[in-house]
Amino acid sequence: MSALPLKPAAAPALPRGFGLLIAAQFASALADNAVLIVAIALLVQQGLPPWWAPLLKFGFMAAYVLLAPWVGPLADAFAKGRVMAAMNLVKMLGLGLLAWGLHPVAALTVVGLGAAAYAPAKYGLITELAKPEALVKANGWIEISVVSAALLGAVLGGALVSPAWLGSAPAAWVDQLDLPADKLTGSLAALWLIYLLSSALNAGIPDSGRRANCASLHPGALLAEFRSDNRRLWCDADGGLSLAATTLFWGVGATLQFAVLRWAGQALALPLSQAAYLQAAVAVGVIAGAASAGRWLALHQARRGLWAGVVLGLLMPVVAQIDQLLTAALTLALVGAVGGAMVVPLNALLQHRGAQLLSAGRSIAVQGFNENLSVLAMLAVYAGCEAAGVAIELTLSGLGVLVTGALLALIWRDRGRRKSSLRTL
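Note that the coordinates shown come from a computational prediction; the quantities given were computed from them, not determined experimentally.

Further remarks concern the overall build of the chain. From N to C terminus, the chain includes 16 helices and zero strands. In the chain, which comprises 425 residues, the share counted as buried stands at 51%. Pairs at least 24 apart in sequence give 83% of the contacts found in the chain among residues at least 6 apart. Of the roughly 19,300 Å² that the chain leaves accessible, carbon and sulfur atoms contribute 69%.

See below:
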């Protein structure tokens, strides 16, 4: 008698309130990405030179690095949904200051302060609400919302600075609020309402009931505790492996964002407006890769994401040799897919291990510090290559060699460590 086929295991259920978390995260990230475009338009309107534009992103992201020792304990000390709602209010304050005439770089730094504290609360809440078996799936949905918001946020930002929108912006808003005579005030008001919507959605997210109080709230004590947390996570086998991989991924990903635009202009002779569609191809690929990883990989299989990263590195020199638009779009979509398949399971492993070693908020703060420091460092190196006149094809190939070599080294080291552990049993 033949055995009955095994019934496939049911997909792990997502936690209660997860839909609200996704919606709130999407709205907040949508406005984060759109405000950068509006701020660039303000720089142009004020007649400032083009080199100010990268400083907007630098000011926004610097807060993630500088505030990392303090935002983790903040996220752990209160209900994380409430923390996220409050940080959206900080972002709204930044928009208000921008509307009242504060320099765009300074105003975006205020928005970045809210974003820096929002991140550990968001990812920490996933770890607290979702069971370990649902953590990869939950991270897949979060990454889909992040990438979708980045893609649509750029579209929204472009619409908000378009002549059609600016021509219809209510001039009465400017007069009633005594704001500078600037039609972009209507654009800022639209983003203000999106942040308000996100804050309202955050307030409805159920409390996980978990709190982790610090021994001391003194800044020096928190800084010392953060250094200890950072060292502990790097020294852990699973934590250090996943932290190294995600730190490399986000640094290279941020650099690739600019490199693709430059390469598309040179290799494919595309104007900036059309080159942006190639970034959209990458984003669509990331969404597909993240969804696939969330569907097919469990937490104990997270190391398989390292091999997707190796494929990512091998594809980048291939991209540098392409001179056909359709081939470029398909290859970049594949680059995004393997990137999404890499980062989602490793991110889930990092969150799970970090919550075990430290706490949800503190581990996410350590993760954010390392990943955003990597972004700032790699963008600085990329800017140096641009200033030195390095060919963009060589830059792309160099990034690919870096990714492939670093991930193969991580795989080799991890295998050696696990074999050593088995021999000691």
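Another point: the nonpolar core. Nonpolar side chains in soluble globular proteins generally cluster together in the buried interior. Counting residues in each nonpolar core, the largest one holds 124 residues, and the members touching the most others are Ile126, Leu191, Trp263, Leu278 and Leu407. Excluding residues within four positions of it along the chain, Ile126 makes contact with Phe18, Leu21, Leu135, Ala138, Asn139, Ile142 and Gln351.

Its 19 residues place the ends of helix α9 (residues 185-203) 27 Å apart at the C-alpha level, agreeing with the 27 Å of an ideal helix rising 1.5 Å per residue. Within α9, the full set of buried residues consists of Thr185, Gly186, Ser187, Leu188, Ala190, Leu191, Ile194, Tyr195, Ser198, Ser199 and Asn202.

On the surface, Leu93, Leu97 and Leu102 cluster together into a nonpolar patch covering about 230 Å² of accessible area. Within the secondary structure layout, Leu102 lies in the loop between α4 (80-99) and α5 (104-129).

All right, on to the pattern of salt bridges then. By the definition in use, this model includes four salt bridges. Across the pair Arg303 and Asp238 runs a salt bridge whose closest N-O atoms are separated by 2.4 Å. Here Arg303, found in the loop between α12 (272-296) and α13 (305-320), pairs with Asp238, found in helix α11 (residues 237-267); they are 65 residues apart in sequence, far enough to count as distant. In this structure Asp238 comes out as partly exposed when scored by relative accessible area, which is 23%. Notably, a salt bridge pairs Asp414 with Arg303, separated by 2.7 Å at the nearest N-O pair. Taken together, the residues span a long stretch of sequence, with Asp414 in helix α16 (residues 392-424) and Arg303 in the loop between α12 and α13 at a distance of 111 residues. Salt bridges linked by common partners bring Asp238, Arg303 and Asp414 together as one network.

Here the focus is the environment of Leu379. Along the chain, Leu379 turns up in helix α15 (residues 360-388). By relative accessible area, Leu379 is classed as buried at 18%. Residues Leu379 and Leu256 lie 123 residues apart in sequence; the distance between their C-alpha atoms is 9.4 Å. If near-sequence neighbours (up to four positions away) are discounted, Leu379 is found in contact with Ala254, Thr255 and Phe258.

Time to look at the side chain of Asn202. For Asn202, the location among the structural elements is in helix α9. Taking relative accessible area as the criterion, Asn202 reaches 0% and is therefore assigned buried. Not counting residues within four places of it along the chain, the set of residues in contact with Asn202 comprises Ala24, Gly81, Met84, Ala85, Asn88 and Tyr118.

The next point concerns the environment of Ile205. Relative to the elements of secondary structure, Ile205 occurs in the loop between α9 and α10 (219-235). Separated by 188 residues in sequence, Ile205 and Gly17 place their C-alpha atoms 5.5 Å apart.

The next point concerns the packing of helix α1 (residues 18-45) against α4. Where α1 contacts α4, the two axes come as close as 12 Å, and the packing angle between them is 15°. Overall, the two elements α1 and α4 adopt an arrangement that is roughly parallel. Handedness of the α1/α4 crossing: left-handed. When α1 is examined against α4, the residues Leu21, Ser28, Asp32, Val35 and Leu42 are found in contact with a partner set consisting of Met84, Asn88, Lys91, Leu95 and Leu98. For the contact of α1 with α4, the class distribution of residues is six nonpolar, two polar and two charged.

It is worth spelling out α5 at this point. If you check α5, its first and last C-alpha atoms are 37 Å apart, about what 26 residues at 1.5 Å a residue would give, namely 38 Å. Where burial is concerned, most of α5 is hidden: 23 out of the 26 residues are buried.

Within the structure shown, the criterion is met by three aromatic pairs. The positively charged end of Lys91 is found above the aromatic ring belonging to Tyr118, 4.6 Å away from the centroid.

Turning our eyes to something else, we now look at the environment of Leu125. Within the secondary structure layout, Leu125 lies in helix α5. In sequence terms Leu125 and Ala75 are 50 residues apart; their C-alpha atoms lie 9.1 Å from each other.

Time to look at the packing of α1 against α5. Here α1 crosses α5 at 165°, and the two axes come no closer than 11 Å. With respect to their mutual orientation, α1 and α5 come out roughly antiparallel. The hand of the α1/α5 crossing is left-handed. The residues of α5 that touch α1, namely those facing Phe18, Leu21, Ala24, Gln25, Ser28, Asp32, Val35, Ala39, Leu42 and Leu43, are Pro104, Leu108, Val111, Ala115, Tyr118, Lys122, Leu125 and Ile126.

Mean pLDDT over the chain works out to 80, with 85% of the residues at or above the 70 mark. The least confident element of the chain is helix α8 (residues 171-177), whose mean pLDDT is 42; the most confident is α13, at 92. Low pLDDT (under 50) marks residues 1-9, which in the prediction has zero contacts with non-local residues, meaning those over four places away or in another chain. Under a pLDDT of 50 for its full length, residues 170-181 has, in the predicted model, 17 contacts with residues more than four places off or in other chains.

Conventions and cut-offs
- Numbering of residues starts from 1 in each chain and follows the order in which that chain's sequence is written.
- Side-chain atom pairs in this predicted model are given and counted only at pLDDT of 80 or more, local residue features only at pLDDT of at least 70, and totals for whole chains, interfaces and linings cover all residues.
- Only heavy atoms go into the side-chain values, all of them from the structure, while hydrogens and water stay out.
- Put simply, DSSP marks the helices as runs of H or I at least four residues long and the strands as runs of E at least two long, and each gets a number from the N terminus on.
- Burial classes: relative accessible area under 20% of the type maximum marks a residue as buried, over 50% as exposed, and values in between as partly exposed (1.4 Å probe, protein chains only).
- The contact rule is simple, with two residues in contact once any of their heavy atoms fall within 4.5 Å.
- Per-residue accessibility takes into account occlusion by the displayed protein chains alone, with areas from the Shrake-Rupley method and a 1.4 Å probe.
- Joining through side-chain atoms within 4.5 Å is the link that ties buried Ala, Val, Leu, Ile, Met, Phe, Trp, Tyr and Cys residues into a set, and such a set is a nonpolar core.
- The span one expects for a helix is its residue count, reduced by one, times 1.5 Å.
- Within this analysis, patches are made of residues with over 30% relative accessible area and no salt bridge. Like charges are joined at 9 Å or less; nonpolar side chains (Val, Leu, Ile, Met, Phe, Trp, Tyr) at 5 Å or less.
- Salt-bridge detection follows one rule: a side-chain nitrogen of Lys or Arg within 4 Å of a carboxyl oxygen of Asp or Glu.
- Each axis is a line fitted through C-alpha atoms, taken for helices only over the stretch in contact, and angles between the N-to-C directions span 0 to 180 degrees.
- These descriptions rest on fixed angle ranges, namely under 35 degrees for roughly parallel, over 145 for roughly antiparallel, 65 to 115 for roughly perpendicular, and the rest for oblique.
- Rotating anticlockwise by less than a right angle from the far helix to the near helix defines a left-handed crossing, while the corresponding clockwise rotation defines a right-handed one.
- In this classification, the charged set is Asp, Glu, Lys and Arg, the nonpolar set is Ala, Val, Leu, Ile, Met, Phe, Trp, Tyr, Cys and Pro, and all remaining amino acids, among them Gly, are polar.
- Aromatic contacts are taken between Phe, Tyr and Trp rings whose centres are within 6.5 Å, Trp giving its six-membered ring; a plane angle under 30 degrees counts as stacked, one over 60 as edge-to-face, and the others as tilted.
- For a lysine, the NZ atom is tested; for an arginine, the CZ atom; a charge sits over a ring if that atom is within 6 Å of the ring centre and within 35 degrees of the ring normal.
- As a per-residue measure, pLDDT tells how confident the predictor is, with possible values from 0 to 100.

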